[in-house]
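Residue-level structural notes
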Amino acid sequence: MKTALITGATSGIGKSTAYEFSKHNINLILCGRRQERLDQLQSELNKTVKVHTLCFDVRNKESVFKSIDTLPQEFASIDILVNNAGNAHGLDPIQTGSLDDWDAMLDINVKGLLYVSKAVIPKMISQKSGHIINIGSIAGKEVYPNGNVYCASKHAVDAINKGMQIDLNQYGIRVGAIHPGLVATEFSNVRFKGDDKRADTVYDGFDPLRPEDIADIIAFVVTRPYHVNIADLVVFPTAQANSTIVNKSL
Ligand code: NDP
Ligand code: 8X3
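Let me sum up the structure you'll find in this document. (Residues numbered from 1 in each chain as written. Chains lettered and ligands numbered in written order. Predicted model: local features only at pLDDT ≥ 70, side-chain atom pairs only at ≥ 80, totals over all residues. Heavy atoms only, no water.)

**Regarding the sheet that holds strand 4 (residues 80-83)**
Spatial ordering of the open sheet is given by 3-2-1-4-5-6-7, a layout of seven strands whose pairing is parallel. The outermost strands of the open sheet, each flanked by one partner alone, are strand 3 (51-55) and strand 7 (232-235). Across the sheet, the mean angle separating the axes of adjacent strands is 15° when strand polarity is ignored. With five bridges connecting them, strand 2 (residues 27-32) and strand 3 associate as parallel partners. (Pairing = 2+ DSSP bridges. Helix = DSSP H or I, 4+ residues; strand = E, 2+ residues; numbered from the N terminus. Axes fitted to C-alpha atoms, helices over the stretch in contact; angles between N-to-C directions.)

**Points about unusual backbone geometry**
Of note, Lys128 is a non-glycine position whose phi angle comes to about 55°, a positive value. The topology assignment puts Lys128 in the loop between helix 4 (99-127) and strand 5 (131-135). You can call Lys128 exposed: its relative accessible area is 62%. (Buried < 20%, exposed > 50% of the residue type's maximum accessible area, 1.4 Å probe, protein only.)

**Regarding the packing of aromatic side chains**
Centre distance and the angle of the planes are the two values used to describe a pair of aromatic rings. Here the structure, examined in full by the defined rule, presents one aromatic pair. When the ring centre of Phe220 is taken as origin, the NZ or CZ atom of Arg224, which lies over that ring, is 3.8 Å away. (Phe/Tyr/Trp six-rings, centres within 6.5 Å; stacked < 30°, edge-to-face > 60°. Lys NZ or Arg CZ within 6 Å of the ring centre and 35° of its normal.)

**A short note on the site of ligand 2**
Near ligand 2, the surroundings consist of Ser137, Ile138, Ala139, Tyr144, Tyr150, Gly181, Phe187 and Arg191. The contact in question runs from an oxygen atom of ligand 2 to an N or O atom on the side chain of Ser137, over 2.5 Å. Separating an oxygen atom of ligand 2 from a side-chain N or O atom of Tyr150 is a distance of 2.6 Å. Here ligand 2 has 240 Å² of accessible area as a free molecule, and 88% of this is covered by the chains. Here the residues of the shell around ligand 2 are counted per class, giving five nonpolar, two polar and one charged. (Near = heavy atom within 4 Å. Polar contact = N/O pair within 3.5 Å; in protein donor to acceptor, adjacent residues only side chain to side chain. Areas by Shrake-Rupley, 256 points an atom, 1.4 Å probe, with all protein chains shown as cover. Nonpolar A, V, L, I, M, F, W, Y, C, P; charged D, E, K, R; others polar.)

**Examining the site of ligand 1**
Taken together, 30 residues surround ligand 1, and among them Thr10, Ser11, Arg33, Tyr150 and Thr185 come closest. Here an oxygen atom of ligand 1 sits 2.7 Å away from a polar atom, N or O, in the side chain of Tyr150. Here ligand 1 has 880 Å² of accessible area as a free molecule, and 98% of this is covered by the chains. Listed by contribution, the elements that provide at least two residues to the shell around ligand 1 are helix 1 (12-23) and helix 5 (148-168). Here the residues of the shell around ligand 1 sort into twelve nonpolar, twelve polar and six charged.

**Quick word on the packing of helix 3 (residues 61-69) against helix 4**
At their nearest, the axes of helix 3 and helix 4 sit 9 Å apart, and the two run at 25° to each other. The orientation of helix 3 relative to helix 4 falls into the category roughly parallel. You can see that helix 3 and helix 4 cross each other, and the crossing is right-handed. Where helix 3 approaches helix 4, its residues Lys61, Val64, Phe65 and Ile68 are matched on the opposing element by Tyr115, Val116, Lys118, Ala119, Val120 and Lys123. Of the residues in the contact of helix 3 with helix 4, the class split is seven nonpolar, no polar and three charged. (Parallel < 35°, antiparallel > 145°, perpendicular 65-115°, else oblique. Left-handed = near helix turned anticlockwise from the far one by under 90°. Contact = heavy atoms within 4.5 Å.)

**Details of the pattern of salt bridges**
Taken as a whole, this structure holds eleven salt bridges when the rule is applied. Lys50 is the salt-bridge partner of Glu74, the closest N and O atoms lying 3.3 Å from each other. Of this pair, Glu74 sits in the loop between helix 3 and strand 4 while Lys50 sits in the loop between helix 2 (35-45) and strand 3, and the two are 24 residues apart along the sequence. Among the ionic pairs, Lys162 bridges to Asp158, the shortest N-O distance being 3.2 Å. Remark: Asp158 and Lys162 occur in helix 5; sequence separation between them is four residues, near one turn of the helix. Since its relative accessible area comes to 7%, Asp158 is described here as buried. One connected set of salt bridges, linked through shared partners, spans Lys141, Asp158, Lys162 and Asp232. (Salt bridge = Lys/Arg side-chain N within 4 Å of Asp/Glu carboxyl O.)

Next comes the structure, spelled out in structure tokens:
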């Protein structure tokens, strides 16, 4: 049986991926900052697969390395890493954006992803196999009004994905990114700092992607034969044409 480490497993895309992987008999290392949610997931999913939880903030490099370096023996080798933890913080023009929001997005979405990857990659190199899935965004392919720093963080994920593909090629490690458009998760609740009414308006009037849709695609990606690597994938809801064009009249 394979083992997957999923960051940001307490909500949205990461949580749905945990459920989807359990259907494919993939053992799980589930990460997030909210221990009670991790505990709940563990008690539900360990009926099907082995589940270990790691509660850390991806910004805290000591916690990241300590948690991953001291995994129990049965979870020590990691076959799949889903670099999913991340969020947008704020939606402001560059001239009025908050420094705290900028720090959060760059520290979590970029540096956090790097810390977790740096902790896991040596295991994959020594196994001469592994699969890293980086969750980017359409915001990593386009820049939209007021998206500035979030878009920068996701453009960085796109670049890191390509860099990993090049550098890890010699070890037979698969690397690929999935770039979703609008997915109805807690993403906008976080972006708008708990203004749930404003968050709901993002997904009003059209049929957005659901986290299960992305989880289904991630499961497809990891279950391809080993010689097949899905390297870069953009996924929209049907109503979406790009970052700014969403048909709300369907
Ligand atoms: P959610 O807000 O539902 O989930 C975000 C997850 O990230 C949570 O599990 C959260 O866990 C975790 N997380 C956030 N900050 C940290 C941190 N500092 N340390 C550890 N974990 C953290 O959003 P989504 O499921 O939508 O987002 C998942 C990924 O998908 C993100 O990278 C996002 O940028 C990307 N994405 C989302 C899209 C969307 O429209 N929803 C579209 C394109 C990409 P906890 O709070 O417990 O730590
Ligand atoms: C999330 C999608 O369009 O809000 O990455 O940036 S978007």
